[in-house]
Amino acid sequence: MNEPMSAMPVELERHLEEHRTELRGFCYRMLASPFDADDAVQETFIRAWRGFEAFEGRSSLRSWLYRIATNVCLDSLRSGARRARPMDLGPAGEPVLANLHERPETTWLEPIPDGLVVPGEADPAEVAVTRDSVRLALVAALQHLPARQRAALILCEVLQWKASEVAELLDTTVASVNSALQRARATLEAHPPAASESVSSMSDADRALLARYVKAFENYDIEALTAVVHEDAVQSMPPYDLWLTGRDDIFAWFLG
């Protein structure tokens, strides 16, 4: 936790920006959308500006901002809807334009670029932990948790806050936080995040294959894509509910 800071309103913007990246990472783990996370951080900063005179430095600025961000995220999650992927909504479709339906009412589960949540000057160990804690499979698993359990788990087990600090932030007791953690762990055991392999742990051959795929995709090189996409490949792109499975349908869509 940071030391308490006193900051005049004219300096507040600079202090807020110092915490933007880590707050975005927290909000992304809570909301599972980089766009919603950015909105939540912006709302956090607006509330901080409005409430700064009442802050009075009773805690660190960092913990105060996390309190605000947590409340913003909880407000956003009160609908209780679990985030989804196109594959959660129905079977794969035929690769035709008539099947391309936008579902604006669906709350999508979306990946986030490392650069938006990994501190620029963090040590390698911190970078590795941050990347692992925002991988899509883990964030997808977190969506099975009620909002307050999700917040307790992220704060305690990802950000390494003490249960007493989380209890103060959530306006509850240490016993309630520990109970929430126990229930959250049990739920995650029933819905474990899928195993994933980081680029750093890939073999040279797999890294080369990934590089070929990215280059082919960026260059719209259908022939090269054909060579690297597997028979069991799956493609989806929210906010459209259409998803495709298999090389034939994927390339029919690319070419069309």
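The preceding data block contains the structure.
Residues numbered from 1 in each chain as written. Predicted model: local features only at pLDDT ≥ 70, side-chain atom pairs only at ≥ 80, totals over all residues. Heavy atoms only, no water.

Considering the overall build of the protein
Within the protein, the secondary structure is distributed over 13 helices and two strands. Across the 256 residues in the protein, those meeting the buried criterion constitute 39%. Within the protein, contacts between residues at least 6 apart in sequence are counted, and of these 67% link residues at least 24 apart. As presented, the protein carries roughly 14,500 Å² of accessible surface, and 52% of it is formed by carbon and sulfur atoms. (Helix = DSSP H or I, 4+ residues; strand = E, 2+ residues; numbered from the N terminus. Buried < 20%, exposed > 50% of the residue type's maximum accessible area, 1.4 Å probe, protein only. Contact = heavy atoms within 4.5 Å. Areas by Shrake-Rupley, 256 points an atom, 1.4 Å probe, with all protein chains shown as cover.)

Examining the packing of aromatic side chains
Considering all chains together, one arrives at four aromatic pairs under this definition. One aromatic cluster is present, built from ring pairs that chain together Phe26, Tyr66 and Trp161. (Phe/Tyr/Trp six-rings, centres within 6.5 Å; stacked < 30°, edge-to-face > 60°.)

Overview of the environment of Met30
Tracing the backbone shows Met30 in helix H2 (residues 20-31). Considered as a pair, Met30 and Ser76 are 46 residues apart in the sequence and their alpha carbons are 9.7 Å apart. Setting aside residues no more than four positions away along its own chain, Met30 makes contact with Cys73, Leu74, Leu77, Gln143, Ala147, Arg150, Ala151 and Ile154.

Things to note about the pattern of salt bridges
Tallied over the full model, the rule gives nine salt bridges. Measuring nitrogen to oxygen at the nearest pair gives 2.8 Å for the salt bridge that ties Arg24 to Asp38. Taken together, the positions of Arg24 in helix H2 and Asp38 in helix H3 (residues 34-55) put the pair 14 residues apart, joining distant regions of the chain. The exposure class assigned to Arg24 is buried, which follows from its relative accessible area of 11%. Salt bridges linked by common partners bring Glu43, Arg47 and Asp75 together as one network. (Salt bridge = Lys/Arg side-chain N within 4 Å of Asp/Glu carboxyl O.)

A word on the layout of surface pockets
By volume, the second largest pocket is sized at about 390 Å³. Lining the second largest pocket we find 18 residues, and of these Glu22, Pro119, Glu126, Thr130 and Leu159 sit closest to its centre. Those elements that place two or more of their residues in the lining of the second largest pocket are helix H1 (9-18), H2, helix H4 (61-77) and helix H6 (124-133). Split by residue class, the lining of the second largest pocket holds six nonpolar, six polar and six charged. (1 Å grid on protein atoms, 1.4 Å probe; cavity = no way out; pocket = protein on both sides within 12 Å on 5 of 7 lines; lining within 4 Å. Points joined across faces, edges and corners; volume = space filled by probe spheres on them. Nonpolar A, V, L, I, M, F, W, Y, C, P; charged D, E, K, R; others polar.)

Considerations on the side chain of Thr44
Within the secondary structure layout, Thr44 lies in helix H3. Residues in contact with Thr44, not counting those within four places in the same chain, are Leu65, Ile68, Ala69 and Val72.

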